[in-house]
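Now for the letters of each chain:
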Amino acid sequence: METTSRVGAQGPAGEAGAAAAQDAAQSGPGARRSVDGYLLASFPWYGLDEAYSGPRWLMQVGAAADGTVEHGSTGHGEEPSLRGEKTAPAEAKQRFAVVVTVASRPVRRSADGTGVLEATSVSSAAWLAGSGLLSSTWPAQMERALRQDWLDQQTALAWELADHLEEPAWSTLSLPVDGVPTDFRYRESEYGWVLAGSAEGVHLGAYGRGMSAYGMGFSVIKDLAAYGS
């Protein structure tokens, strides 16, 4: 995940994890935003292709310190309840899929010139997708005092998994991107599924539950108005 680190030093995973967790929480359920932030991006946004005919909704974009839009998410299906809310059993089985678009960026100087920003990668998309899934599947019945410990533990696990996409925890799933078969790294858990891959000029992540990832397709969003709240 893109983070700021001092020149000549690699940013620690803990700092990167905290930043990405915050981004994911802000772009999670209930954090719907206007189309304005999306229009500032220099890269195309992706969502489910036209084969999907259900509800679509905007979430939130993430930006660097200088205001450059770096990533964002678009939702499909039933918008998940806010984490920490007590949900009825039926609501806990909501069907949704979120597509995360991450700009493909090389290593570069930070806006203030004091550090460097790490290059984005498929792992960046996998990390944001994994963190987003956690923000959508907060265990409602867990005691409040234990929730932060749970989130810290699961966030660390998501970070570790995203950093090792070639390991057996992940499988390969081929899905169409703008009609072209594309390989994604894919994994399932008790909370839902996560996948990540690359497209032209961007890295793509996705997460969901109740909606099967198999048979999904992704495409550039031609009209963001279709995602208007």
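This one's a predicted model, so the numbers in the text were calculated from it and none came from an experiment.

The rules behind these values
- Residues numbered from 1 in each chain as written.
- Predicted model: local features only at pLDDT ≥ 70, side-chain atom pairs only at ≥ 80, totals over all residues.
- Heavy atoms only, no water.
- Helix = DSSP H or I, 4+ residues; strand = E, 2+ residues; numbered from the N terminus.
- Buried < 20%, exposed > 50% of the residue type's maximum accessible area, 1.4 Å probe, protein only.
- Contact = heavy atoms within 4.5 Å.
- Areas by Shrake-Rupley, 256 points an atom, 1.4 Å probe, with all protein chains shown as cover.
- Core = buried A, V, L, I, M, F, W, Y, C linked by side-chain atoms within 4.5 Å.
- Salt bridge = Lys/Arg side-chain N within 4 Å of Asp/Glu carboxyl O.
- Phe/Tyr/Trp six-rings, centres within 6.5 Å; stacked < 30°, edge-to-face > 60°.

(A) Region of interest: the overall build of the protein chain. Scanning the protein chain from N- to C-terminus turns up five helices and 12 strands. Buried residues in the protein chain amount to 49% of all 229 residues. The long-range share in the protein chain, meaning contacts at least 24 apart out of those at least 6 apart in sequence, stands at 63%. For the protein chain, the exposed surface amounts to about 11,100 Å²; the carbon and sulfur share of it is 51%.

(B) Seen up close, the nonpolar core. Grouped together as the largest cluster of nonpolar side chains are 54 residues, with contacts concentrated most on Trp45, Leu48, Trp193, Leu195, Tyr207 and Phe218. In contact with Leu195, other than residues within four places in its own chain, are Ala129, Leu173, Leu175, Phe184, Arg185, Tyr186, Leu204, Gly205, Ala206, Ala213 and Phe218.

(C) Main features of the pattern of salt bridges. Tallied over the full model, the rule gives one salt bridge. In this structure, Arg105 and Glu70 form a salt bridge, with 2.9 Å as the shortest nitrogen-oxygen distance. Taken as a pair, Arg105 in the loop between strand E5 (96-103) and strand E6 (108-109) and Glu70 in strand E4 (residues 69-77) lie far apart in primary sequence, 35 residues in all. Residue Glu70 is classed as buried on the basis of its relative accessible area, which comes to 5%.

(D) Just the packing of aromatic side chains, in detail. If you walk through the whole model with that rule in mind, you get seven aromatic pairs. Ring geometry for Tyr186 versus Tyr214: centroids 5.5 Å apart, planes at 70 degrees, classification edge-to-face. Placement of the pair is Tyr186 in strand E9 (residues 180-189) and Tyr214 in the loop between strand E11 (202-209) and strand E12 (218-220), with a sequence separation of 28 residues. Classification of Tyr214 as partly exposed rests on a relative accessible area of 49%.

(E) Region of interest: unusual backbone geometry. You will see that Asp178, though not glycine, has its phi angle at about 50 degrees, which is positive. Note that Asp178 resides in the loop between strand E8 (171-177) and E9. You can call Asp178 partly exposed: its relative accessible area is 40%.

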